[in-house]
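Overview (structure and organization)
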Amino acid sequence: MEISVIIPTLNAEHEIDGLLIALEHQSIQPVDILIVDSASEDKTIELVRQHKRVRLLKIDRQDFNHGTTRDMALRESRGDFVCFLTQDAVPVSDDYLERLVAPMVDDSDIALVSGRQLPKADARRFEQLVRGFNYPDWPSVRSKYDLEKLGIKTFFASDACSAYRRTAYLECGGFEHVNTNEDMLMAARFIASGLKVAYEPRAEVYHSHNLTPSQQFTRNRAVGFFLETHADELMHASEIGEGGRLAKMVSLQLLREGSLGEFVAFGVDCCARLLGNRAGRRAARNERL
């Protein structure tokens, strides 16, 4: 069993050295680690070159795309399983990679596994609760038979910490030119072809963001545009209920804790998510006209 690791970077000097050291201590050593750097202006390149087993690929910043850049890197790698990380996702344990690929080793029908994202130490309280809701401590394996019950959640995946079966990825065509959610689109393609996708909570990374309302709006505008544009490939799976359950759970917990400031901030965050999603969908519909 051979594992490749791919990490896109941009101005990652504060994170990349620690991440590469963590990978060098894994119980299963990758056959290759590829850094795809988008013309960083800090010390990222210098730090990467200190790790002799790491292969560096440099691209122009304007050429970066969440889908096609990762596809290019995957095709440059050689592992049976190809793991993606973001530059700010740090494995919790030395057996992270081993745990991440374990579901695919055990079941040849599983084509994609996502790990669990734990909040970083600086994560604000409502972000901690959101992470807990989206990344629970129980595993799941999903197929086309879960669509009616789970809706859009059937395609849950995150390339912040994921692993793909190379043969399945290539057979299903690979990532396309998309600016977000290439992982969800690939999960949908796997499921449409009769394969499965999995979530493995024992494969943990620290990864979270304290986004401003403006940043949250921009992020969800891109997500809304993606969901509307790719509705057919996502099998028009229902989104109804998932966002409401998240908002209710987090809000009630914040009120129980007496965290009124965080309760208000979370309300603003939810509004930014909703308005961004609607704006993105509207833009996608207008583009089709």
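The structure this text deals with has already been given above.
Section: the packing of helix 5 (residues 125-134) against helix 10 (residues 242-256)
- Two elements in contact, helix 5 and helix 10, have axes separated by 10 Å at closest approach and are oriented at 135 degrees. Here helix 10 runs oblique to helix 5, going by the angle between their axes. In this structure, helix 5 crosses over helix 10, and the sense of that crossing is right-handed. Between helix 5 and helix 10, the residues in contact are Arg125, Phe126, Leu129, Val130 and Phe133 and Glu242, Arg245, Leu246, Met249, Val250, Gln253 and Leu254, respectively.
- When its residues are assigned to classes, the contact of helix 5 with helix 10 shows eight nonpolar, one polar and three charged.

Topic: the layout of surface pockets
- Size it by volume and the second largest pocket reaches roughly 310 Å³.
- Of all elements in the fold, only helix 5 and strand 7 (140-142) reach the threshold of two or more residues within the lining of the second largest pocket.
- Classifying every residue of the lining of the second largest pocket by side-chain character gives seven nonpolar, three polar and three charged.

So, the packing of helix 9 (residues 213-229) against helix 11 (residues 260-288)
- At a minimum axis distance of 6 Å, the contact between helix 9 and helix 11 shows a crossing angle of 40 degrees. The angle between helix 9 and helix 11 places the two elements in the oblique class. Our pair here, helix 9 against helix 11, has a crossing hand that is right-handed.

A look at helix 8 (residues 182-192)
- Among the eleven residues of helix 8, ten are classified as buried, and the element is accordingly described as predominantly covered.
- Every buried residue of helix 8 is listed here: Glu182, Asp183, Met184, Leu185, Met186, Ala187, Ala188, Arg189, Phe190 and Ile191.
- Backbone geometry just after helix 8 places Gly194 at a positive phi near 95 degrees.

Digging into the packing of aromatic side chains
- Following the criterion strictly, the structure yields ten aromatic pairs and no others.
- Ring geometry for Phe126 versus Phe266: centroids 5.6 Å apart, planes at 50 degrees, classification tilted. Within this pair, whereas Phe126 is found in helix 5, its partner Phe266 is found in helix 11, the two being separated by 140 residues in sequence.
- For Phe126, a relative accessible area of 4% translates into the label buried.
- Relative accessible area serves as the criterion here: at 1%, Phe266 is assigned to the buried category.
- Here Phe156 and Tyr199 contribute two aromatic rings whose centre-to-centre distance is 5.8 Å and whose plane-to-plane angle is 80 degrees, an arrangement assigned as edge-to-face. Remark: Tyr199 occurs in strand 9 (residues 196-206) and Phe156 occurs in the loop between helix 6 (147-150) and strand 8 (161-165); sequence separation between them is 43 residues.
- Phe156 sits in the buried class, given a relative accessible area of 14%.
- Chaining the aromatic ring pairs together yields one cluster made of Phe84, Tyr164, Tyr169, Phe175 and Phe190.

Concerning the environment of Ser193
- You can see Ser193 is positioned in the loop between helix 8 and strand 9.
- For Ser193, a relative accessible area of 44% translates into the label partly exposed.
- The spacing of Ser193 and Glu171 is 22 residues in sequence and 9.6 Å in space, taken between C-alpha atoms.
- Of the polar contacts made by the side chain of Ser193, one reaches the backbone oxygen of Phe190; its length is 2.7 Å.

Thoughts on the nonpolar core
- Of all hydrophobic cores here, the largest spans 34 residues; its most connected members are Ile6, Phe155, Tyr164, Phe190 and Leu234.
- Put simply, the parts of the chain that give this core at least two residues each are strand 2 (32-37), helix 3 (66-76), strand 4 (81-85), strand 6 (110-118), helix 7 (166-171), helix 8 and helix 9.
- Counting residues per element, this core draws most heavily on helix 8, at seven residues.
- Among all residues touching Ile6, those that are not within four sequence positions of it are Leu34, Val36, Ala73, Leu74, Ser77, Val82, Cys83, Phe84 and Leu85.
- Core analysis: the next-biggest nonpolar cluster, separate from the first, contains 30 residues, Ile16, Leu20, Ile33 and Leu85 among them.

Conventions and cut-offs
- Residues numbered from 1 in each chain as written.
- Predicted model: local features only at pLDDT ≥ 70, side-chain atom pairs only at ≥ 80, totals over all residues.
- Heavy atoms only, no water.
- Axes fitted to C-alpha atoms, helices over the stretch in contact; angles between N-to-C directions.
- Helix = DSSP H or I, 4+ residues; strand = E, 2+ residues; numbered from the N terminus.
- Parallel < 35°, antiparallel > 145°, perpendicular 65-115°, else oblique.
- Left-handed = near helix turned anticlockwise from the far one by under 90°.
- Contact = heavy atoms within 4.5 Å.
- Nonpolar A, V, L, I, M, F, W, Y, C, P; charged D, E, K, R; others polar.
- 1 Å grid on protein atoms, 1.4 Å probe; cavity = no way out; pocket = protein on both sides within 12 Å on 5 of 7 lines; lining within 4 Å.
- Points joined across faces, edges and corners; volume = space filled by probe spheres on them.
- Buried < 20%, exposed > 50% of the residue type's maximum accessible area, 1.4 Å probe, protein only.
- Phe/Tyr/Trp six-rings, centres within 6.5 Å; stacked < 30°, edge-to-face > 60°.
- Polar contact = N/O pair within 3.5 Å; in protein donor to acceptor, adjacent residues only side chain to side chain.
- Core = buried A, V, L, I, M, F, W, Y, C linked by side-chain atoms within 4.5 Å.

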